[in-house]
Structures are given as C-alpha cells and as structure tokens.
Amino acid sequence: GENVEQHPSTLSVQEGDSAVIKCTYSDSASNYFPWYKQELGKGPQLIIDIRSNVGEKKDQRIAVTLNKTAKHFSLHITETQPEDSAVYFCAATLSSGGYQKVTFGIGTKLQVIP
Amino acid sequence: EAGVAQSPRYKIIEKRQSVAFWCNPISGHATLYWYQQILGQGPKLLIQFQNNGVVDDSQLPKDRFSAERLKGVDSTLKIQPAKLEDSAVYLCASSLPGTSDQETQYFGPGTRLLVL
C-alpha cells in the first residue's frame, strides 16, 4: 500500500519568515495530493491541493509543488503569521473508480513566533 | 452550509467497555469516512462508505470495531470491547462523488476517546 513520509515533525519560524514542509510517497499511481491544517481540538481543514498533472499551485501565501518523477511534494508558506501555527498534514490519494484511498503523513507542528 | 457533525466530543471509558460514536455528514455527501487519529500521528482510515455500502474496511479491526450507515446518511462507529490502545481521536469526514470537488474531504471536529 501507499506510504507517505513527512518532515520535519516540528518547525519553528519567526513571524514573517517562510516555512517549508516536505513529503514523499511510494505509490506512483497516487494522483491527488491535498494538504490539511489541523488546529487544536478541531478536525483537519483542506488548505490547498494539487493534482498529478500539475507541477505547482499557489493560493496567496501558500504554494504547493509536486515532482512526480521523484515522488515528492512540498508545502510553502510565505510571510508566516501567528495564526499559521497548527499541525499540517500532507496526504497522497489514489483515485480509482470514483473512490479515493487517502494516506496521510505523520504531521508537522508549525510554530510561528511573534 | 452546515459542516460534518460528530458526537460526543469527548468520552472516557474503562477498558473492556463499549462505546459508540455518531456522525452526520454534510447534506448530500454520499461518501463517508471514519478515521482514527492517535496522538502525534496522521489520520488512519478505518472504513469508507458510499451511500450505505462499504467501499473499504481493510484497516478496520473487525473483532472489536463495527460501523454502519443504514440509510446512507448518518453513521455510527462502535468499539466493543475497548482496549487501552483505542485511545485516540475518531474523525468523520464526507465528500461528494461525481463532482470536480469529489476528492475533497470535509472533516468533523472529532470525538476524543480515552480508555482507562
């Protein structure tokens, strides 16, 4: 089955700096890669996603890149703010026959220091 | 639109007791997922429903866990009997298949279970 590795497990940055979280996956058939943000006591919330036919996607301060050949994808947050502090999960999704099988990474705890 | 609802939010039980969690997905979402999230880890899929049929339950410990979605809307997840290692957050998510947004899963707030 799919295996997703995520690093670092914790990340501290100064407010205004950039943060980068990296993930690798094992199944080359995976074709959809969402990123979720989970705040304390809440469920994960989708913040950005990328499909396997795209190399990069940007949404304001958040961007995701995908290298299918190397089977890795990354989340980039620029101009970090204290409210960006949360746990971030990457995931690899295998879509087949209308169904999706999602495998999550272990999570990265991001702390933005004011 | 209302999000995914889960109850209870917290539950503390003794080992070997039984417990049930309830989930109400977003209206119209045919696909429903139950995940187990152990502290410090990512969510792990337990079971996936498409309407009231099971699509994937390969990671569900069937000797003690069961789930149902009788009318294709609400779902319950039961653990009987509970073990210490079942302490985790149980997340419910839903998605709308057959649309451009079909891969997006919307998560509820979760039920935090502590087994003593």
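Up top is the structure.
Residues numbered from 1 in each chain as written. Chains lettered and ligands numbered in written order. Predicted model: local features only at pLDDT ≥ 70, side-chain atom pairs only at ≥ 80, totals over all residues. Heavy atoms only, no water.

Caption draft 1: Layout of the interface of chain B and chain A. Each side of the interface is counted separately: chain B has 24 residues, and chain A has 20 residues. Across the chain B to chain A interface the summed buried area is about 1,700 Å²; carbon plus sulfur atoms make up 48%. Considering only the surface of chain B that becomes buried against chain A, P43, E103 and F107 of chain B emerge as the three largest contributors, covering 30% of it. Across the contact surface, chain B and chain A share one salt bridge. Between D56 of chain B and K101 of chain A there is a salt bridge, and its shortest N-O distance comes to 3.2 Å. (Contact = heavy atoms within 4.5 Å. Buried area = accessible area lost by both parts, 1.4 Å probe. Salt bridge = Lys/Arg side-chain N within 4 Å of Asp/Glu carboxyl O.)

Caption draft 2: Layout of the sheet that holds strand β3 (residues 19-25) of chain A. Residue and element names in this part refer to chain A. Across the sheet, five strands lie side by side as β1-β3-β8-β7-β6; this open sheet has antiparallel pairing. Every interior strand has two partners, whereas the edge strands, β1 (4-7) and β6 (56-59), have only one. Neighbour to neighbour, the strand axes of the sheet diverge by 15 degrees on average, direction disregarded. With four bridges connecting them, β1 and β3 associate as antiparallel partners. Pairing of V4 across the sheet is with Y25, part of β3. (Pairing = 2+ DSSP bridges. Helix = DSSP H or I, 4+ residues; strand = E, 2+ residues; numbered from the N terminus. Axes fitted to C-alpha atoms, helices over the stretch in contact; angles between N-to-C directions.)

Caption draft 3: Inspection of the packing of aromatic side chains at higher detail. Residues and elements named next belong to chain A. Tallied over the full model, the rule gives 13 aromatic pairs over all chains. With a centroid separation of 4.9 Å and an interplanar angle of 50 degrees, the aromatic rings of F33 and F73 are classed as tilted. With F33 in strand β4 (residues 32-38) and F73 in strand β8 (residues 72-77), the pair connects residues that are 40 residues apart, well separated along the chain. Of the residues examined, F73 reaches a relative accessible area of 0% and is grouped as buried. (Phe/Tyr/Trp six-rings, centres within 6.5 Å; stacked < 30°, edge-to-face > 60°. Buried < 20%, exposed > 50% of the residue type's maximum accessible area, 1.4 Å probe, protein only.)

Caption draft 4: Up close: the nonpolar core. In this structure, W35, F73, L75 and L110 of chain A are the most contacted members of the largest nonpolar core, which totals 23 residues. Elements that contribute at least two residues to this core include exactly β2 (10-14), β3, β4, β5 (45-51), β7 (62-67), β8, β9 (86-96) and β11 (108-113) of chain A. Residues V19, L32, F49 and L113 of chain B belong to the second largest nonpolar core, which totals 21 residues. (Core = buried A, V, L, I, M, F, W, Y, C linked by side-chain atoms within 4.5 Å.)

Caption draft 5: The state of the cysteines, seen in detail. All names here are of chain B. By the definition in use, this model includes two disulfides over all chains. Here C23 connects covalently by a disulfide to C92, the sulfurs 1.9 Å from one another. Taking the sign of the S-S torsion, -70 degrees for the link of C23 and C92, the bridge is left-handed. With C23 in strand β3 (residues 19-24) and C92 in strand β9 (residues 88-95), the pair connects residues that are 69 residues apart, well separated along the chain. The class for C23 is buried, based on a relative accessible area of 0%. (Disulfide = S-S within 2.5 Å.)

Caption draft 6: Inspection of the layout of surface pockets at higher detail. Computed from the structure, the largest pocket encloses a volume of approximately 720 Å³. The wall of the largest pocket is formed by 33 residues, among which Q38, L40 and V87 of chain A together with L39 and G40 of chain B lie closest to the centre. Partitioned by chemical class, the residues of the lining of the largest pocket number 14 nonpolar, 14 polar and five charged. Reported here for the second largest pocket is a volume of approximately 420 Å³. Around the second largest pocket, the lining is made up of 22 residues, and of these E2, T103 and F104 of chain A together with K44 and Q59 of chain B lie nearest the centre. Going through the elements one at a time, β9 and β10 (99-104) of chain A together with β5 (44-50) of chain B are the ones with two or more residues in the lining of the second largest pocket. Of all the elements, β10 of chain A adds the most residues to the lining of the second largest pocket, at four residues. Counted by class, the lining of the second largest pocket contains nine nonpolar, nine polar and four charged residues. (1 Å grid on protein atoms, 1.4 Å probe; cavity = no way out; pocket = protein on both sides within 12 Å on 5 of 7 lines; lining within 4 Å. Points joined across faces, edges and corners; volume = space filled by probe spheres on them. Nonpolar A, V, L, I, M, F, W, Y, C, P; charged D, E, K, R; others polar.)

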